[in-house]
Amino acid sequence: DKVSEYDQNIVVRGERSDRSSHSNNKQSGDSELMDTVNELIRAGNNLQDSTNNYAEEGAFEQALKTNDEAQRVYEDALETATETDLIDSEEIEQKLTAVQDQREEIHRRRLQARVDSLRSDVSRAVELADGGEFEAAKDRLLDLESALTSVRETATEHGLNGLRDEIQTIDERREKYI
């Protein structure tokens, strides 16, 4: 009996050791996942900062590319985070929402820059008309019609009603001088 009890204790200790080893491996794996997620979040944060810098500089296409990259990095972080219960994915989901908001802001700013440029183009054409260069003014004003229409459609697609109204005002001024 004593031998079998002893043997049982060894087996039980061995099972505990196996479980403990498995637990340590799982903790190590979770730790690695957490490190990976944290690295991805830092990378995403850096990309968002770069996106803001590009947008501030008026480099809207580069800002959109960097924003796309930030979204992919945060999506990777979210996918990795779902592999363990120790990481709260809510923060990552909030970052993904912030990336989408940032993207919409870039579109708005890019469109605003285009509206400002078109307003300036119409003003230059009006100056030509005021200076007696009616044909040159008319040609420029007619050339601006398709650009204004395109920008108006884009503003409508993005739900930017304020910009759409601005474009309408610019277009009305353009038509007045044709």
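A brief report on the enclosed structure follows. No experiment lies behind these values; they were computed from the predicted model shown.

Basis of the calculations
Residues numbered from 1 in each chain as written. Predicted model: local features only at pLDDT ≥ 70, side-chain atom pairs only at ≥ 80, totals over all residues. Heavy atoms only, no water. Helix = DSSP H or I, 4+ residues; strand = E, 2+ residues; numbered from the N terminus. Buried < 20%, exposed > 50% of the residue type's maximum accessible area, 1.4 Å probe, protein only. Contact = heavy atoms within 4.5 Å. Areas by Shrake-Rupley, 256 points an atom, 1.4 Å probe, with all protein chains shown as cover. Salt bridge = Lys/Arg side-chain N within 4 Å of Asp/Glu carboxyl O. Patch = residues over 30% accessible without salt bridge, like charges linked within 9 Å, V, L, I, M, F, W, Y side chains within 5 Å. Lys, Arg positive; Asp, Glu negative; His and termini not counted. Charge placed at Lys NZ, Arg CZ, Asp CG, Glu CD. Expected span 1.5 Å × (residues − 1). Axes fitted to C-alpha atoms, helices over the stretch in contact; angles between N-to-C directions. Parallel < 35°, antiparallel > 145°, perpendicular 65-115°, else oblique. Left-handed = near helix turned anticlockwise from the far one by under 90°. Nonpolar A, V, L, I, M, F, W, Y, C, P; charged D, E, K, R; others polar. Polar contact = N/O pair within 3.5 Å; in protein donor to acceptor, adjacent residues only side chain to side chain. Arc of directions from axis to C-beta.

Details of the overall build of the protein chain
Then step 1. A count of helices and strands for the protein chain gives 5 helices and 0 strands.
Then step 2. A buried classification covers 31% of the 178 residues belonging to the protein chain.
Then step 3. Residue pairs in contact within the protein chain that sit at least 24 positions apart in sequence constitute 69% of those at least 6 positions apart.
Then step 4. Accessible area for the protein chain stands at about 11400 Å²; split by element, carbon and sulfur atoms hold 43% of it.

Side note on the pattern of salt bridges
Then step 1. Within the structure shown, the criterion is met by 11 salt bridges.
Then step 2. As a salt-bridge pair, R152 and D171 come within 2.9 Å of each other at their nearest N and O atoms. Here D171 lies in helix α5 (residues 161-176) and R152 lies in helix α4 (residues 134-157), a separation of 19 residues in the sequence.
Then step 3. Judged by its relative accessible area of 18%, R152 is buried.
Then step 4. Counted as one network, the salt bridges with shared partners bring together R152, D171, R174 and E175.

Some details on a negative patch on the surface
Then step 1. Taken together, E75, D76, E79 and E83 make up a surface patch of like negative charges.
Then step 2. Within the secondary structure layout, E79 lies in helix α2 (residues 60-81).

Focus: helix α3 (residues 90-130)
Then step 1. Helix length check: α3 (41 residues) gives 59 Å between terminal C-alpha atoms against 60 Å at 1.5 Å per residue, within 8%.
Then step 2. G132 lies just past α3 and shows a positive phi near 90°.

Let's talk about the packing of α3 against α4
Then step 1. Direction vectors running N to C along α3 and α4 enclose 160°, while the axes themselves pass 9 Å from each other. Compared by their axis directions, α3 and α4 come out roughly antiparallel. The crossing of α3 and α4 is left-handed. Residues L111, R114, V115, L118, D121, V122, R124, A125, L128 and A129 of α3 form the contact with α4, whose participating residues are F134, A136, A137, R140, L141, L144, A147, L148, V151, T154 and A155.
Then step 2. Of the residues that constitute the contact of α3 with α4, the class distribution is 16 nonpolar, 1 polar and 4 charged.

A word on the environment of R103
Then step 1. Structurally, R103 can be placed in helix α3.
Then step 2. Under the relative-accessibility criterion, R103 is labelled buried at 19%.
Then step 3. Separated by 43 residues in the primary sequence, R103 and F60 have C-alpha atoms spaced 9.9 Å apart.
Then step 4. Not counting residues within four places of it along the chain, the set of residues in contact with R103 comprises L64, N67 and D68.

Regarding the side chain of R174
Then step 1. Secondary-structure assignment places R174 in helix α5.
Then step 2. The class for R174 is buried, based on a relative accessible area of 1%.
Then step 3. One polar contact links the side chain of R174 to the main-chain carbonyl oxygen of L141, over a distance of 3.0 Å.
Then step 4. Ignoring sequence-local partners within four residues, the contact set of R174 consists of V122, L141, L142, L144, E145 and L148.

Some details on α5
Note: α-helices contain 3.6 residues per turn, so residues at a spacing of three or four share the same orientation.
Then step 1. With 16 residues, α5 should reach 22 Å at 1.5 Å per residue; the first-to-last C-alpha distance of 22 Å fits that figure.
Then step 2. For α5, the complete set of buried residues consists of L163, I167, I170, D171 and R174. Taken around the axis of α5, the buried residues stretch over an arc of 100°, which confines them to a single face. For α5, the exposed residues lying more than 90 degrees away from the buried face are G162, T169 and K176.
Then step 3. Structurally, α5 contributes buried residues whose contacts are with α3 and α4.

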